Amino acid sequence: VATDAEIIGRSLEDPRAFGEIFERHGDAVLSYARRRVGPAAAEDITAQAFLIALERRARYDLAFESARPWLLGIAMNLIRHHLRDHAQHLRMLARASAPVAEQVDDPDRADALRMRPWIVEALLELSAHDRETFLLVALADLTYEEAARAIGIPVGTVRSRIHRGRMKLRERLRLFEAIPEETDR
Amino acid sequence: MTQMNPMDELDLTRRALGDEEPDPRERRQALARIRTRLDAAIETERFRRRPARRLVPPIAAAILAIGLVVLIALGLPFGRPAAADELRRLAAIAAGARGPVVGPGEFLLMRSEEFGLQGQTYLDERGIQFAFNLTVRLRVETWFAADGSGVHRTRWLSADFASERDRRVWIEAGSHPVPEAGDELVERFAPGEGRWIDLSALPTSPGRLLADLRAGRIIERAPGDDQVFLTIGELLARADAPPAVRAALFEAAARLDGVELMGEDADPLGREGVALAIQGTTRRTELIFDPDSARLLAHETYLVRSDGSVGPIFAWTAVQGASVVDSAPEPDPPGIGSPGG
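For clarity, every value in this text was computed on a predicted model and none was experimentally measured. (Residues numbered from 1 in each chain as written. Chains lettered and ligands numbered in written order. Predicted model: local features only at pLDDT ≥ 70, side-chain atom pairs only at ≥ 80, totals over all residues. Heavy atoms only, no water.)

Moving on, we come to the overall build of chain A. Secondary structure summary: chain A contains eight helices and zero strands in total. For chain A, the sequential pattern of α-helices and β-strands runs α-α-α-α-α-α-α-α. Each of the 185 residues in chain A was classed as buried or not, and the buried ones make up 59%. Restricting the contact set of chain A to residue pairs at least 6 apart, pairs at least 24 apart contribute 63%. (Helix = DSSP H or I, 4+ residues; strand = E, 2+ residues; numbered from the N terminus. Buried < 20%, exposed > 50% of the residue type's maximum accessible area, 1.4 Å probe, protein only. Contact = heavy atoms within 4.5 Å.)

The structure is reproduced here in structure tokens:
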């Protein structure tokens, strides 16, 4: 099976080969975009990400076999521009009434849904760079090395940003644990 | 008391913010639509890569020459040279205009009115995500300190559902509060955060600047000179652009393919100016300038129908001016938005 790098190399001669890159990673980019901006905008963001990738594929570093981090990095930049004020977007999410966690079958998801306002609050307190990195790793399921490639920063910086995100979440969730269940939230 | 599982914070965030998997059919359709757009771009590129014919057959050359003579004799306008001339005239004015100087403890206050779509996303009690659009008119004020930090204040002048369908989705999602006229959001930003771009760091060589714009190194957008033109408009809207950068932006615009001089036009606030436009496959961007000061009055985006005709206005920003002030408002306290919302 050809690697992404080989296909991208081939697409420099025959652009039609690039369609295979979309077949392999279109779903992953669309999923990440959906989680960040909702289904309506996600389709356009994903399309734009692949159009930009097609345009810039000559600059792709063929030493990297998988193109997924590169594509997610492009999508992340588009999303950052799309959400001119990301904090407002997160506030909107937090403001929506909490889903009834009791109606969710998966107990881990039910717990996570109860904690959502606290998680959003913790994310809002991070710097924009820390938040973007944390959300890229959390929502696109990238390794630290892949996230570093996607953003174009050293892997140590990714580690520090994720560490700060974890600490902030832990700090906030300690408050959550301290709230009695009957409290209206 | 709810016992928190010892769940990894990244996993927890994914579960809390990740939406439910969409209907597989809906997902397949979305992917198919994206693939269609990508295939169209691939075909365009294949067409571009075909070697051009080096010699024009003599008869065709003769017809072309006669055609040119007739057009010149009739005095028909050639859009691009006229547009380029006007942009270079504006570049010369911009190069000689002095920008505002922000001293220590001072802020550059920039004001604008904006109109466009604002996407809203909610999760209902089942965890299903709903998305709908509002058409909003905003008053936007930004206070920039000399170090690039500042305060951003947005006031909603109006907010309506973009369509009846959007209203129905909102009701389905649980009719949560949405922004309405009179709402206000004040946020602080650190240097380098949010919409801030350090304009003083942009190249003043028009060739390099245009290359950076086309490569998406300044603002990342879909490829195409119409998108570059919009970026130039957004950068020229900033009152703190150094004169040399403003001049280079005008010169870069003069080098784009397909810019037309539209002549006199009024901006969305009714101010008269000189308009230049470029049309892409789905959108048309128009920039309106004060012909005397070369200041951008407004940028507007229209939808383009599949037959190439210009459709309704989609978004606009009208720049209302800038001034140096010695204070900025206090931002809203960090955390979750207003209670009861």
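The next point concerns the confidence of the model for chain B. All names here are of chain B. When pLDDT is averaged across chain B, the result is 78; 79% of the residues are at 70 or more. Scored below 50 in pLDDT, residues 1-6 makes 14 contacts in the model with residues more than four places away or belonging to other chains. Per-residue pLDDT stays below 50 along residues 335-341; that stretch engages in 12 contacts with residues further than four places along the chain or on separate chains. (pLDDT = per-residue confidence, 0-100.)

With that settled, the discussion passes to the environment of A:Arg56. Examined against the element boundaries, A:Arg56 turns out to sit in helix H2 (residues 19-56). The class of A:Arg56 is buried, set by a relative accessible area of 15%. Sequence-distant contacts of A:Arg56, defined by excluding residues within four places in its chain, comprise A:Trp70, B:Ala215, B:Gly216 and B:Glu220.

Another aspect to go through is the nonpolar core. The biggest cluster of nonpolar side chains holds 68 residues, and the ones touching the most others in it are A:Phe18, A:Tyr32, A:Trp70 and A:Leu136. Ranked by residues supplied to this core, first place goes to H2(A) with 17 residues. A:Leu136 has contacts with A:Tyr32, A:Leu72, A:Met76, A:Asp141, A:Leu142, A:Ala147, A:Ala150 and A:Ile151, leaving out every residue within four places of it along the chain. B:Ala83, B:Val245, B:Phe250 and B:Val274 belong to the second largest nonpolar core, which has 38 residues in total. (Core = buried A, V, L, I, M, F, W, Y, C linked by side-chain atoms within 4.5 Å.)

All names here are of chain B. Burial of strand S8 (residues 296-304) is extensive: eight of the nine residues sit out of reach of the surface. With seven bridges connecting them, strand S7 (residues 283-289) and S8 associate as antiparallel partners. Each residue of the ladder has a partner; that of Arg-283, found in S8, is Leu-303. (Pairing = 2+ DSSP bridges.)

Of note, the phi angle at B:Ser175 is positive, near 50°, even though the residue is not glycine. The residue B:Ser175 is located in the loop between helix H5 (164-172) and strand S4 (184-189) in this model.

Counting across every chain of the model gives 35 salt bridges over all chains. Here B:Arg27 ties to A:Asp27 by a salt bridge, and the two come within 2.5 Å at their closest N and O atoms. Here B:Arg27, found in helix H2 (residues 24-49), pairs with A:Asp27, found in helix H2, and the two come from separate chains. Residue classification places B:Arg27 among the buried positions, given a relative accessible area of 11%. Here A:Asp27 falls in the partly exposed class, since its relative accessible area comes to 34%. (Salt bridge = Lys/Arg side-chain N within 4 Å of Asp/Glu carboxyl O.)

Right, let's talk about the packing of helix H6 (residues 206-214) of chain B against helix H7 (residues 225-236) of chain B for a bit. All names here are of chain B. Orientation of H6 relative to H7, taken along the N-to-C sense of each, is 115°, at an axis distance of 9 Å. Classed by the angle they form, the pair H6 and H7 counts as roughly perpendicular. Every pair of crossing elements has a handedness; the one defined by H6 and H7 is right-handed. Contacts from Leu-210, Leu-213 and Arg-214 of H6 reach H7 at Asp-225, Val-228, Thr-231, Ile-232 and Leu-235. (Axes fitted to C-alpha atoms, helices over the stretch in contact; angles between N-to-C directions. Parallel < 35°, antiparallel > 145°, perpendicular 65-115°, else oblique. Left-handed = near helix turned anticlockwise from the far one by under 90°.)

Let us now look at the packing of aromatic side chains. All names here are of chain B. This structure, assessed with the given rule, holds seven aromatic pairs over all chains. Summarising the aromatic geometry, the rings of Phe-115 and Trp-316 are spaced 6.0 Å apart at their centres and angled 20° between planes, so their arrangement reads as stacked. Placement of Phe-115 in strand S1 (residues 107-123) and of Trp-316 in strand S9 (residues 310-325) is noted, with a sequence separation of 201 residues between them. A residue is classified by how much of its surface remains accessible, and Phe-115, at 25% relative accessible area, is partly exposed. Residues Phe-161 and Trp-170 carry aromatic rings whose centres are separated by 4.9 Å and whose planes lie at 45° to one another, so their mutual orientation is tilted. Neither residue differs from the other here; Phe-161 and Trp-170 are each classed as buried. (Phe/Tyr/Trp six-rings, centres within 6.5 Å; stacked < 30°, edge-to-face > 60°.)

This paragraph deals with the packing of H2(A) against helix H3 (residues 68-82) of chain A. Residue and element names in this part refer to chain A. In contact at an axis separation of 10 Å, H2 and H3 are set at 130° when each is read in the N-to-C sense. Relative to H3, the element H2 is oriented oblique. Here the contact of H2 with H3 is built from residues that sort into 20 nonpolar, three polar and three charged. (Nonpolar A, V, L, I, M, F, W, Y, C, P; charged D, E, K, R; others polar.)

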